[in-house]
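# What the coordinates show
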Amino acid sequence: MTAPRQPVDFTDVQGLVRFGHSHLPSSVFHLLWVKDASAARAWLGSAPVTSAVSEGGRPEQVLQVAFSAAGLLALGLEEGTVGGFSAAFTAGMAGDSNRSRRLGDTGPNDPGQWRWGGVEAGVPHVLLMLYATQARIVSWQEDLFNASFAQAFEHRFALPGGLGDGREHFGFMDGISQPALDWQGESPPGGHWRDAYTHRLAAGDILLGYVNEYGLYTDRPLLDPARQPAAAVLPPAAEQPQFRDLGRNGSYLVLRQLRQDVPAFWQCLDRAAGGDPARREQLAQAMVGRKRDGEPLLQAADRNAFTYDSDPAGQCCPLGAHVRRANPRTGDFPPGTSGPFKRLLRTLGLGSPSGRDDLIASTRFHRLLRRGRVYGDTIDLARALLETPGDADGDDERGLLFVCLGADIARQFEFVQNAWLNSAKFAALRDESDPLLGNRQPLPGALHSDQFSLPRAGAPAQRIAGLPQFVQVRGGEYFFLPGLRALKFIAGSER
Ligand code: HEM
């Protein structure tokens, strides 16, 4: 059943959903294990978690908090309650080998080798995300981590991060293309009402408890206050108001620590370019799908409002470029669909869709809200061309603390990672996966994934073969970033 659309209540949403906190250049993500559940609940109940309200200016320090499924259980939530979250969340990122295979977490990315999360290191219970200025972050951290914190949690990992001048470590502007949430619930979600690409996205595609682009709700626990009186603190479920909604105003949060081998990237491109700096730069741009300053590779009036419809063969922006895989951008109706009759045929799945259309239609159902931060020291191109690939490891490594938010981990993060980025068969390409992220070690019987094609006008595509792996997974987990009322409920949970 579809309930009336409602504007989002910012007082109950953690700030990270609305803002990237880009005015606070320093961040530390802390991974905690619950040591004493009642002390942990007490600490969480008084933690100064920042909401998405913008009145009163931008905060000087921000605290956000999220929980894994194991963490919610450790804090005392009933199994039946935690079981109401989505299957992907309860299973966890490294929960089974099938999921790991789909995510490309095999070979060098195998969870058995992760520094945190996964099989050996164990699933963290709580993710605390602190954002502040560089001058403030350490003292603020000391204030937060008081005696009751030490009694409540075992603190095993701290992942410091930053903004890196807006660039990731390969040297490209990041965080340009994001969905624009329909906070007021103004657009009619559900059904195929539009046929042009747009960044506008129903709130329910990122926030739990609101209608999504299908006009539906994604999985989250709905609690009966007659059975669990403490649930009265939660907002009512929009579609079944007799229940209280533990998910409402919260979101699923995916965290992956991705180590980047910057020397391997630039030296590989240097070899492919025969040492020609201009060609090397061109190849890097082609792999990313944007220029270093974020400009798109095809002619566009705006750096973000464009589609690839004018470049169907990928001669301007290769079909396999990172940004084109991560968001192929063609909306519900690929080019050529116009008029009510054709639209009806496509809606019913009739007509003659090409393979390309099948794979990349309806990209709006697979959008991610990215909130990542870079970690480790930056190196410039000259150093990257000299240093030994693979050397930066452990304390001196660099990479991306990839964070994305969404209301459906399987349809959003896992689909993009598996079907678009990781797939060695994407948009008529073969034997290649994402040029930046691809796991180059094929599974037995699977296609190779170490090539990259550059389509050319009037000539066969140029193929670069034997790409080494540039990005390695070092840790990861799925978390629930609760609304503030849900946080109160969690802090008050006792079995
Ligand atoms: C070290 C790893 C990664 C690097 C260096 C990287 C780099 C970039 C860069 C430079 C952009 C272009 C700027 C922008 O449009 O915001 C971009 C866009 C994007 N990336 Fe990544 N990325 C990484 C990992 C990932 C992962 C793991 C995912 C998803 C599973 C992802 C999804 C996206 C998406 C959705 C876009 C926007 C595409 C668009 O809408 O045009 N990225 N990335």
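For the structure, see preceding data.
Chains are numbered independently. Their residues run from 1 in the order of the written sequence. In keeping with the model being predicted, local features are shown solely for residues with a pLDDT of at least 70 and side-chain atom pairs are shown and tallied solely at 80 or more, while totals for entire chains, interfaces and linings include all residues. Heavy atoms from the whole structure form the basis of all side-chain values; hydrogens and water molecules are not counted.

## Structural notes on the nonpolar core
The following threshold applies: Within this scheme, the nonpolar core is defined by two criteria: the residues are buried Ala, Val, Leu, Ile, Met, Phe, Trp, Tyr or Cys, and they are joined through side-chain atoms within 4.5 Å. Per-residue accessibility, obtained with a 1.4 Å probe over protein chains only, is compared with the maximum for each type, and a residue is labelled buried under 20%, exposed over 50%, and partly exposed between these values. Residue contacts are defined here by distance: any two heavy atoms, one from each residue, within 4.5 Å place the two residues in contact.
Within the largest apolar cluster, 90 residues are counted, with the highest numbers of intra-cluster contacts made by Phe-67, Leu-72, Phe-89, Leu-128, Phe-153, Phe-265 and Tyr-478. In contact with Leu-128, not counting residues within four places along its chain, are Val-28, Phe-29, His-30, Leu-32, Trp-43, Leu-63, Gln-64, Val-65, Phe-145 and Phe-149. Listed in part, the 33 residues of the second largest apolar core include Phe-10, Leu-16, Leu-369 and Phe-479.

## A look at the pairing of strand 16 (residues 459–464)
Defined as follows: Strands were regarded as paired on the criterion that DSSP finds at least two bridges between them. Going along the chain from the N terminus, every DSSP run of H or I of four or more residues is numbered as a helix, and every run of E of two or more is numbered as a strand.
Across 4 bridges, the pairing between strand 15 (residues 452–456) and strand 16 is antiparallel. The residue bridging Leu-454 from the neighbouring strand is Gln-462, located in strand 16. In sequence, strand 15 turns back onto strand 16 through a hairpin of 2 residues, with Gly-458 there showing a positive phi of about 65°.

## Considering the site of the ligand
Rules: The nearness test applies per residue and asks whether one of its heavy atoms lies within 4 Å of the molecule or strand. Counted as a polar contact is a pair of N or O atoms within 3.5 Å, where, for protein atoms, one must be capable of donating a hydrogen and the other of accepting one, and residues adjacent in sequence contribute only when both atoms are in side chains.
Near the ligand there are 26 residues, and of these Ile-176, Ser-177, His-322, Asn-327 and Arg-370 occur at the shortest range. Here Ser-177 contributes a side-chain N or O atom positioned 2.5 Å from an oxygen atom of the ligand. Take Asn-327: an N or O atom from its side chain is 2.9 Å from an oxygen atom of the ligand.

## A word on helix 10 (residues 262–272)
One turn of the α-helix equals 3.6 residues, which is why residues spaced by three or four share an orientation. When you tally the buried positions in helix 10, you get 8 out of 11 residues, the bulk of the element. Restricting attention to buried positions, one finds in helix 10 the residues Val-262, Pro-263, Ala-264, Phe-265, Trp-266, Gln-267, Cys-268 and Leu-269. Buried-residue contacts for helix 10 involve strand 9 (251–260), helix 11 (277–288) and helix 15 (381–386). Regarding helix 10, its N-cap is Asp-261, as a side-chain oxygen of that residue lies 3.2 Å from the backbone nitrogen of Ala-264 further along. Just beyond helix 10, the residue with positive phi is Gly-274, at close to 60°.

## Section: the pattern of salt bridges
Test applied: Throughout this description, the term salt bridge denotes a Lys or Arg side-chain nitrogen within 4 Å of a carboxyl oxygen of Asp or Glu.
All chains considered together, the criterion is met by 24 salt bridges. Ionic pairing is found between Arg-99 and Asp-96, a salt bridge with its closest N-O pair at 3.2 Å. We classify Asp-96 as partly exposed; its relative accessible area is 31%. Of the charged contacts in the structure, one is a salt bridge between Arg-364 and Glu-213, with a shortest N-O distance of 2.4 Å. Here Arg-364, found in the loop between helix 14 (355–360) and strand 10 (369–370), pairs with Glu-213, found in the loop between strand 6 (200–202) and strand 7 (222–223); they are 151 residues apart in sequence, far enough to count as distant. Note on accessibility: Arg-364 and Glu-213 belong to one class, buried.

## Concerning the coordination of the iron atom of the ligand
The criterion, for reference: Water is absent from the atoms considered, so a metal site may look incomplete; donors are defined as N, O and S atoms within 2.8 Å of the metal, or 3.2 Å for Na, K and Ca.
For the iron atom of the ligand, the protein contributes exactly one donor atom, His-322 (NE2), at 2.1 Å. Its place among the elements puts His-322 in helix 12 (residues 322–326).

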